[in-house]
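In case you want the letters, here they are:
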Amino acid sequence: MSEIKIPAQTRTEFGKGFARRARVAGQVPAVVYGHGGEPVHVTLPGHELMMALKTPNVLLSLDIEGRDELVIPKAVQRDALKGFLVHVDLLVVKRGEKVTVEIPVQTEGDLAPGGNLLEHTLTALPVEAEATHIPEAIVVSVAGLGAGASVLAKDIVLPAGVSLAVDADAVVLHVVAGQSAAEETAESTEA
């Protein structure tokens, strides 16, 4: 995963009024914390940050007044109606450090014939990986799986250097039998 460099400006003003003015100016208030240091309050360019956050678990290199900090997003707050960024919490990481993140689970292949449905029990898999080598997604093959089949966390092949941060017997995907039209009519007449 590549780093995305974003300039950051420290801020000394706080509160709703300042946050509102910053967002009108195209900036997003953020807090950088971690490794036992004091939290640093910054503002980041809104459009650049929004584009960077389209990648899950993106690695950001912040230029805070000439000092580079490597961070990953920990919490992102968006406006409920319009979806713009309201505030971001960023966690400081070091090269080679292991972090616990959730990686999106993607599927490939077709289920066994018969109208089966795939249920995503976990849409994101908690894993521990090196901060500079976080995979963007984990792809799981569901080719040929029939009704009642499950894919457990321990069954998923993880990239090198990545380990599970969830119970190995946790169900990630489950295949359920779809109801046919005849079964649905029979159930509705019984009720």
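What counts, and where the lines are drawn
- Residues numbered from 1 in each chain as written.
- Predicted model: local features only at pLDDT ≥ 70, side-chain atom pairs only at ≥ 80, totals over all residues.
- Heavy atoms only, no water.
- Helix = DSSP H or I, 4+ residues; strand = E, 2+ residues; numbered from the N terminus.
- Buried < 20%, exposed > 50% of the residue type's maximum accessible area, 1.4 Å probe, protein only.
- Contact = heavy atoms within 4.5 Å.
- Areas by Shrake-Rupley, 256 points an atom, 1.4 Å probe, with all protein chains shown as cover.
- Lys, Arg positive; Asp, Glu negative; His and termini not counted.
- Charge placed at Lys NZ, Arg CZ, Asp CG, Glu CD.
- Pairing = 2+ DSSP bridges.
- Axes fitted to C-alpha atoms, helices over the stretch in contact; angles between N-to-C directions.
- Salt bridge = Lys/Arg side-chain N within 4 Å of Asp/Glu carboxyl O.
- Polar contact = N/O pair within 3.5 Å; in protein donor to acceptor, adjacent residues only side chain to side chain.

**Notes on the overall build of the chain**
Helices and strands together make up the secondary structure of the chain, namely three helices and 13 strands. The C-alpha extent of the chain, read off along each of the three principal axes, is 65 × 40 × 25 Å. Sorting the 191 residues of the chain into buried and exposed places 34% on the buried side. Expressed as a percentage of contacts within the chain between residues at least 6 apart in sequence, the contacts between residues at least 24 apart total 64%. For the chain, the accessible surface area stands at approximately 10800 Å², while carbon and sulfur atoms represent 53% of it. Each charge sign in the chain was given a centre, from 15 positive and 25 negative side chains, and these centres are 14 Å apart.

**Thoughts on unusual backbone geometry**
Backbone geometry places N57, a non-glycine residue, at a positive phi of 55 degrees. Following the sequence through the fold, N57 ends up in the loop between α2 (46-52) and β4 (59-64). Taking the relative accessible area as the measure of exposure, N57 reaches 16% and is therefore buried. The backbone of E65 sits at a positive phi, close to 50 degrees, despite the residue not being glycine. Counting through the fold element by element, E65 comes out in the loop between β4 and β5 (67-78).

**Quick look at the sheet that holds strand β9 (residues 124-130)**
Pairing is mixed in the open sheet, where four strands are placed in the order β10-β7-β9-β12. Each edge of the open sheet is held by one strand with a lone partner, namely β10 (138-141) and β12 (163-164). Both strand β7 (residues 98-108) and β10 contribute to a ladder of four bridges, which runs parallel. When the sheet's bridge partners are listed, V105 is paired in β10 with I138.

**Concerning the sheet that holds β4**
Strand order around the closed barrel formed by six strands is β1-β3-β2-β6-β5-β4, with mixed pairing between neighbours. Between one strand axis and the next, the sheet turns by 45 degrees as a mean value, whatever way the strands run. Across four bridges, strand β2 (residues 27-34) lies against strand β6 (residues 85-92) in parallel orientation. Following the sheet pairing, A30 is matched in β6 by V88. Strands β2, β3 (37-45) and β6 of the sheet are contacted by helix α1 (residues 16-24), whose axis makes an angle of about 120 degrees with β2.

**Some points on the pattern of salt bridges**
Applying the stated criterion across every chain, the model contains four salt bridges. A salt bridge links R95 to E3; the shortest N-O distance between them is 2.5 Å. In this pair, R95 sits in the loop between β6 and β7 while E3 sits in strand β1 (residues 3-10), placing the two residues 92 residues apart along the sequence. Judged by its relative accessible area of 34%, E3 is partly exposed. Of the charged contacts in the structure, one is a salt bridge between R67 and E69, with a shortest N-O distance of 3.8 Å. Under the relative-accessibility criterion, R67 is labelled partly exposed at 41%. Of the residues examined, E69 reaches a relative accessible area of 17% and is grouped as buried.

**Examining the environment of R11**
When you line up the elements, R11 lands in the loop between β1 and α1. Judged by its relative accessible area of 13%, R11 falls in the buried class. Each C-alpha atom, one on R11 and one on P135, is 33 Å from the other, the two residues being 124 residues apart in sequence. Beyond its immediate sequence surroundings of up to four residues, R11 is in contact with F18, P29, A30, V31, H41, V42, T43 and H87. In this structure the side chain of R11 is engaged in a polar contact, spanning 3.3 Å, whose partner is the backbone oxygen of A30. At 3.0 Å, the side chain of R11 and the backbone oxygen of V42 are in polar contact.

Any functional reading would require information beyond the geometric quantities listed.
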